[in-house]
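# Results of the structural survey
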Protein chains: 2
Amino acid sequence: MGKKSKVSMAVIRRLPKYYRYLGELLDRDIKRISSQQLSELTGFTASQIRQDLNNFGGFGQQGYGYNVEELHKQLGKILGLQKTYKTIIVGAGNLGQAIAHYRGFQREGFKMLALFDINPRLIGLKLWDIEIKDVETLEDFIKENEVDIGVICTPKEVSQEIADKLVKSGIKAIWNFAPTDLKVSKDVVVENVHLNESLFTLSYLLKEKLKKDEE
Amino acid sequence: MGKKSKVSMAVIRRLPKYYRYLGELLDRDIKRISSQQLSELTGFTASQIRQDLNNFGGFGQQGYGYNVEELHKQLGKILGLQKTYKTIIVGAGNLGQAIAHYRGFQREGFKMLALFDINPRLIGLKLWDIEIKDVETLEDFIKENEVDIGVICTPKEVSQEIADKLVKSGIKAIWNFAPTDLKVSKDVVVENVHLNESLFTLSYLLKEKLKKDEE
DNA sequence: CCAATGTGGTAATTTTTTTTACAAATTATT
DNA sequence: AATAATTTGTAAAAAAAATTACCACATTGG
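About the thresholds
Residues numbered from 1 in each chain as written. Chains lettered and ligands numbered in written order. Predicted model: local features only at pLDDT ≥ 70, side-chain atom pairs only at ≥ 80, totals over all residues. Heavy atoms only, no water. Buried < 20%, exposed > 50% of the residue type's maximum accessible area, 1.4 Å probe, protein only. Helix = DSSP H or I, 4+ residues; strand = E, 2+ residues; numbered from the N terminus. Pairing = 2+ DSSP bridges. Contact = heavy atoms within 4.5 Å. Buried area = accessible area lost by both parts, 1.4 Å probe. Salt bridge = Lys/Arg side-chain N within 4 Å of Asp/Glu carboxyl O. Polar contact = N/O pair within 3.5 Å; in protein donor to acceptor, adjacent residues only side chain to side chain. Nonpolar A, V, L, I, M, F, W, Y, C, P; charged D, E, K, R; others polar. UniProt positions renumbered as here; feature names shortened; annotations may be inferred. Expected span 1.5 Å × (residues − 1). Least-squares fit on C-alpha atoms with pLDDT ≥ 70 in both. Domains from an automatic or database assignment. Near = heavy atom within 4 Å.

### Quick notes on the pairing of strand β4 (residues 85–90) of chain A
Residues and elements named next belong to chain A.
- β4 sits mainly inside the fold: five of its six residues count as buried.
- Here β4 pairs with strand β5 (residues 110–117) via six bridges, running parallel. Each bridged residue has a counterpart across the sheet, and for isoleucine 89 the counterpart in β5 is leucine 115.
- The sheet contact formed by β4 and strand β8 (residues 149–152) spans four bridges and is parallel. Counterpart to threonine 87 in the pairing with β8 is isoleucine 149.

Written out as C-alpha cells, the structure reads:
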C-alpha cells in the first residue's frame, strides 16, 4: 500500500545517533528531553531533529518535549531493532573476530551464529560460543538456519564471490567491510564500511588543517 | 593566503572512491578514462564527477577524457597520500590488530609505529614488527616520535580520556572507532567509524525492504 | 586537411536539504 | 485562575547539492 513518501538517506543516517544518545539518557534516568537539549548533545540543530522525528510521527508534546523512554523505544522500532537478526560473518580474521565478539551488537538483537573461513587452522575453533566453520558449508548453513544478515570480512579478491553465495542462499542484507562495491540484485540491501575511504578522508582533512596552520 | 572556497564535505567523501577506481584502472593498464566511463564504474553521474574534480583543477582534456595515471596521482596528492603519516593505535584488541595488520594502509603511507594497551598480557608482544606497548607510555611515545595520527580502538568508556591524551601530546588527527562523539579542541580533526550506526542503518534498510516485500 | 564525434568545463536550472519563523498546545509560576 | 515561559509540529524561506544543457576544444577517421 502507498507509503506516504520515502524518507531521505540523510535523515536515516542520523537516526542511529539519536538512538544512541537517547539510550545514554535512559541509563542516566533522565525522563524528558527537548529538541533543544538533544541538539546540544548531538550537534544537529533542534529544528532538524524535530523535522527528522516527524517523518515517523509526532513523538513529542508541546511545552514538554520528548519522553526519553518512549522516544528511545520508538526509534528502536523505526530502526528495526525490536526483532532478532540471525547473523553470520564470513572471514574469521581479526576484523571478523572483532565483530563477532562485540557485545553491543548482540545486545541489540544481532545474534552471531557462526564465522566462516577458508583457513584450515581456524576451522573448528570456537570463539566464546561462536564456531568457525568451513566456508564450503556456508550456503547450506544459511539455508538451514534462515540467516538474515551476512557480514563480509574477507580480502577484496573474494568479496564478490562471497556476496554472490550469500545472495544465492537467500540473504537479504549484507554488511560489507571489503574495499569494493558489491554487485547484488536489487532486492538485497548492502551497507558498506569502507575503512580506506574513511582513513583517506581523515588524511585530506589533516592535510587541509596543516595547510591552514602554515598561513 | 585566501583559498578560493571551501570544498564541501559531500565532495570530499567521494574523492577516495575515485582514487580507488583509478587505482584499479591503473593496475589494469588502462591509460585513459572519460567521466562517462567513470560514472558507470562508480555510480555517480558523469557531470557530478566532472564538477567534483573541477574543485581542484582541470585534470581532463576535452575530446580525450582523463589520463588515468595522472588523475590517480593528482587525487593522491589532494587526499594527502603523497606523504607518510606516523600512526599509532590505542587498544590492541581484535579491531586494533586488524587495523595494524592491514597492508592497504601501510601501502598508502600510513606507517603503523606501535599499538598501546592496558592489558599486561598483551604488553610486550610483537605483531609482525609492531610492538604492543603499555598505554602508560603513550604520551611520551607520541612526543618523542612526532606521531601524526592516533587510532582509538578502545572501549567507549575510556575513549574520551585517550583522546584527551592524544591531543595533549600534540596529535592533530584522530581516527575514532569507539561509539562516541569525542570532544576535542577545534584544531584537531576527527574521523569517526561508528559501526553501530552503520549496522543500525542496515537494519533499517532491511526492515523497509521486508515491509515492501509484504505489500 | 576537414568534418564528425567525443569530451571536459561550467553556467543555469532543478531538486534536496537545512534553517528560519511562528501558531498551537502544554507546562510552570504567581 | 490567569499569565508567562516552553516547546513541538510544520510552513515558508534559504542554502546546498545534483542535474541539465551547452560551448569550446581535442581527437579520430576519412
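Let's pick the thread back up.
### Here we look at the interface of chain A and chain B
- Facing 63 residues of chain A, the contacting portion of chain B comprises 63 residues.
- Carbon and sulfur atoms make up 65% of the area that chain A and chain B hide from each other, which totals about 5,700 Å².
- For the chain A face of the interface with chain B, the top three residues by lost area are A:Phe200, A:Leu202 and A:Tyr204, together amounting to 12%.
- In this assembly, chain A and chain B are joined by six salt bridges.
- Ionic pairing is found between A:Lys17 and B:Asp181, a salt bridge with its closest N-O pair at 3.6 Å.
- Summed over the shared surface of chain A and chain B, the result is 24 residue pairs in polar contact (both at pLDDT 80 or more).
- Contributions of two or more residues to the side of chain A that touches chain B are made by α1 (9–12), α2 (15–27), α5 (68–78), α6 (94–101), β9 (173–176), β10 (189–192) and α10 (195–214) of chain A.
- If one sorts the elements of the side of chain A that touches chain B by residue count, α10(A) sits on top with 16 residues.
- When grouped by side-chain class, the residues that make up the side of chain A that touches chain B number 35 nonpolar, 11 polar and 17 charged.

### Re the UniProt feature "domain: CoA-binding" (unreviewed entry) in chain A
- As annotated by UniProt and renumbered to match this structure, "domain: CoA-binding" (unreviewed entry) occupies residues 80–181 of chain A.
- Counted over residues 80–181 of chain A, helix gives 33% and strand 28%. Its end C-alpha atoms are 25 Å apart.

### Some remarks on α10(A)
- Counted at 1.5 Å a residue, the expected span for α10(A) with its 20 residues is 28 Å, and the 29 Å between its end C-alpha atoms agrees.
- For α10(A), the tally of buried residues reaches 15 of 20 residues, placing the bulk of the element in the interior.

### Topic: the relation of the copies chain A and chain B
- Rotating chain A by 180 degrees about the axis while translating it 0.0 Å along that axis superimposes it on chain B, leaving an RMSD of 0.0 Å. Here the two chains are linked by the operation of a two-fold rotation axis. Using C-alpha coordinates, one finds that chain A approaches the rotation axis most closely at A:Asn94, a distance of 2.5 Å.
- With an isologous cut-off of 70% or more, the 98% of interface residues of chain A that recur at the interface of chain B puts this contact in the isologous class.

### A word on the domain arrangement of chain A
- Each assigned domain of chain A is listed with its residue range as follows: domain 1 (3–78) and domain 2 (85–197).
- The straight-line distance from the C-alpha centre of domain 1 of chain A to that of domain 2 of chain A is 31 Å.

### Some details on the sheet that holds strand β3 (residues 65–67) of chain B
Residue and element names in this part refer to chain B.
- With respect to topology, three strands assemble into an open sheet ordered β1-β3-β2, the strand pairing being antiparallel. Each having just a single partner strand, β1 (32–33) and β2 (60–61) make up the two edges of the open sheet.
- Two strands pair when backbone bridges link them, and β1 and β3 are joined in this way by two bridges, in the antiparallel orientation. In the sheet register, isoleucine 33 faces β3, and the bridge partner there is tyrosine 66.

### Description of the protein's contact with DNA strand C
- By nearness alone, 26 residues border DNA strand C, and A:Ser47, B:Ser35, B:Arg50, B:Asn54 and B:Tyr66 come closest of all.
- In DNA strand C, atoms within 4 Å of the protein come 59% from sugar and phosphate.
- The separation between a base oxygen of DNA strand C and a polar side-chain atom of B:Arg50 is 2.8 Å.
- Between a phosphate oxygen of DNA strand C and a side-chain N or O atom of B:Tyr66, the distance comes to 2.8 Å.
- Tallied by class, residues from the surface near DNA strand C come to four nonpolar, 18 polar and four charged.

### Remarks on the protein's contact with DNA strand D
- Around DNA strand D sit 25 residues in total, of which A:Ser35, A:Arg50, A:Asn54, B:Ser47 and B:Gln62 are the nearest.
- In DNA strand D, atoms within 4 Å of the protein come 61% from sugar and phosphate.
- In the environment of DNA strand D, a phosphate oxygen lies 2.7 Å from a nitrogen or oxygen atom belonging to the side chain of A:Asn54.
- One of the side-chain nitrogen or oxygen atoms of B:Ser47 is found 3.0 Å away from a base oxygen of DNA strand D.
- For the surface near DNA strand D, the secondary structure elements donating two or more residues are α4 (46–54), β2 (60–61) and β3 (65–67) of chain A together with α4 (46–54) of chain B.
- With four residues, α4(B) is the single largest residue contributor to the surface near DNA strand D.
- Taken together, the residues of the surface near DNA strand D break down into three nonpolar, 18 polar and four charged.

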